[in-house]
Amino acid sequence: MDTPRTKPSSDSDSEVSNATQNDDVIICVMGCTGTGKSLFIKLLTKDTSVKVSDSLESETSEVQLVRFVDRTSGRTVALVDTPGFDDSRKGITDTVVLKKITSFLLKQYDGKRKLNGLVYLHRITDTRFGGQSKINLRMFQNLCGPEAYKNVVVLTTFWDQISSPEVGDKREMELKDNFLNGLFGGGATFMRHNRTVERAQRVLRHVLTFVPTDIQIVKEIREEGKSLEETAAGSVHGAEVERLIAKHRQEIEKIREEMNRVKEDTASMKRDLEELRDEHMKKIAQLESERVDLKNGLEEETRNREVLPAEAEKEKSHHRQWL
Ligand SMILES: Nc1nc2c(ncn2[C@@H]2O[C@H](COP(=O)(O)OP(=O)(O)OP(=O)(O)O)[C@@H](O)[C@H]2O)c(=O)[nH]1
Ligand SMILES: [Mg+2]
């Protein structure tokens, strides 16, 4: 086993790393862009290299690991910062995000490391549970699987910006009863965060009480031999890609009809419609290439497909010996 490469620092022992060690406490931090994932990690680790967003643009686009020594428990904790699923982000598709997260998780499984917990962040100040929140939640639940919900902390953030405690209580209740009832009913813990170190540490203390687990997507790939596309998360995402392709095709159809109605003398209007149509066509081309990317899956997963049948054969011949 490698020795931990922990960088000394005056008030924290932390490092941005690309590998976990076998006795690390591993905690995945997930949720929509701007919900406070990186800030939560920064508060715990005091690592100044963790980038917290100061704009509306998505900041984190890589799976980033920050390891630090928790002085209270004496354990080394690996916090995993993840990009949210966000189809408005430039240059990186949700398929790429899914692949990056899955690839990280498979590496943990292959190294016989389980996850201690998953922290799912949601802004309590959000007045609506919008499209992006729904997509992220659906992906999270399908990656995780119901058996691992007891290892989830739903961390509602921005409590310092809520107008009154009653408003926050009511909204939290709505989340438990409605949008997040699957997680709540499955044993996830709800906790509150107000951008203070104390609250972040309270979450860590709670996660340390969990029994480490493997989550659904790695079991589907490694134990059931599924391709990325066949996993629950992969198929939900594939269906979303198909839905978007169909939606853009419908828009193009509407534009075509509109163009037929527009008279020859309104050339500028025709040009606008053509531009709009081209944008939809570009989007379809991107989604179609995303569909291929999802189908191609992961290198780690392909390797597994070769190993599984060989292992099954070995198992069979071992069994035959004893018959
Ligand atoms: N007031 C308040 N601001 C917060 C809280 N949590 C995060 N923020 C702020 O919200 C902004 C976004 O926070 P980040 O931690 O970068 O969010 P993120 O989830 O990592 O976002 P991406 O990397 O884009 O996925 C930053 O300006 C934070 O300072 C909170 O609980 N209260
Ligand atoms: Mg971030």
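Looking at an unreviewed UniProt entry, the protein carries the name G domain-containing protein, with the source organism given as Collybiopsis luxurians FD-317 M1.

Q: Could you give an account of the pairing of strand 4 (residues 76-81), naming the residues involved and the relevant values?
A: Taken residue by residue, a regular strand's side chains alternate between the two faces of the sheet. Most of strand 4 sits out of view: six of its six residues are buried. Burial of the side chains of strand 4 extends over both faces: Thr76, Ala78 and Val80 are buried on one face and Val77, Leu79 and Asp81 on the other. Here five bridges tie strand 2 (residues 25-31) to strand 4, and the two strands are oriented parallel to one another. Bridging from a neighbouring strand, Val29 pairs with Asp81 of strand 4. Direction of pairing for strand 3 (residues 64-69) relative to strand 4: antiparallel, over a ladder of six bridges. Across the sheet, Phe68 pairs through a bridge with Val77, a residue of strand 4.

Q: Break down the packing of aromatic side chains for me, with residues and values.
A: A full pass over the atoms with the stated rule returns three aromatic pairs. Here the aromatic rings of Phe129 and Phe179 are separated by 4.5 Å at their centres, their planes lie at 5°, and the arrangement is stacked. One end of the pair, Phe129, is in the loop between strand 5 (117-123) and helix 3 (131-144); the other, Phe179, is in the loop between helix 4 (165-177) and helix 5 (181-185), and 50 residues separate them in sequence. When its relative accessible area of 9% is taken as the criterion, Phe129 is described as buried. Residue Phe179 is classed as partly exposed on the basis of its relative accessible area of 32%.

Q: I'd love a proper account of helix 1 (residues 37-45), names of residues and values included.
A: Along helix 1, seven of the nine residues are buried, which leaves the element largely enclosed by surrounding structure. If you check which residues of helix 1 are buried, you get Lys37, Ser38, Phe40, Ile41, Leu43, Leu44 and Thr45. Where helix 1 ends, the next residue or the one after it, Lys46, has phi of about 60°, a positive value.

Q: Describe the pattern of salt bridges, naming the residues involved and giving the relevant values.
A: Note on pairing: side chains with opposite charge can pair once their charged atoms come close. One pass over the full model with this rule turns up 23 salt bridges. In this structure, Asp214 engages Lys114 in a salt bridge whose closest nitrogen and oxygen atoms are separated by 3.0 Å. Of this pair, Asp214 sits in the loop between helix 6 (197-207) and helix 7 (216-222) while Lys114 sits in the loop between helix 2 (94-110) and strand 5; the two residues are 100 residues apart in sequence, bridging distant segments of the chain. Exposure remark for Lys114: the relative accessible area of 40% places this residue in the partly exposed category. For Glu288, the salt bridge goes to Arg249, with nearest N and O atoms at 2.9 Å.

Q: I'd like a description of the packing of helix 2 against helix 9 (residues 267-296), backed by residues and values.
A: The interhelical angle for the contact between helix 2 and helix 9, taken along N-to-C directions, is 20°, at an axis separation of 9 Å. Between helix 2 and helix 9, the angle falls in the class roughly parallel. Both helix 2 and helix 9 take part in a crossing whose hand is left-handed. Of the residues in helix 9, those in contact with Asp94, Thr95, Val96, Leu98 and Lys99 of helix 2 are Glu290, Asp293 and Leu294.

Q: Got a sec to walk through helix 9? Specific residues and values, please.
A: Taking 1.5 Å per residue as the helical rise, helix 9 with its 30 residues ought to reach 44 Å, and the 43 Å between its terminal C-alpha atoms agrees with that figure. Taken as a whole, helix 9 has its buried residues at Leu273, His280, Ile284, Leu287, Glu290 and Leu294. Looking one or two places after helix 9, you find Gly297, whose phi comes out positive at around 70°.

Thresholds applied
Residues numbered from 1 in each chain as written. Chains lettered and ligands numbered in written order. Predicted model: local features only at pLDDT ≥ 70, side-chain atom pairs only at ≥ 80, totals over all residues. Heavy atoms only, no water. Buried < 20%, exposed > 50% of the residue type's maximum accessible area, 1.4 Å probe, protein only. Helix = DSSP H or I, 4+ residues; strand = E, 2+ residues; numbered from the N terminus. Pairing = 2+ DSSP bridges. Phe/Tyr/Trp six-rings, centres within 6.5 Å; stacked < 30°, edge-to-face > 60°. Salt bridge = Lys/Arg side-chain N within 4 Å of Asp/Glu carboxyl O. Axes fitted to C-alpha atoms, helices over the stretch in contact; angles between N-to-C directions. Parallel < 35°, antiparallel > 145°, perpendicular 65-115°, else oblique. Left-handed = near helix turned anticlockwise from the far one by under 90°. Contact = heavy atoms within 4.5 Å. Expected span 1.5 Å × (residues − 1).

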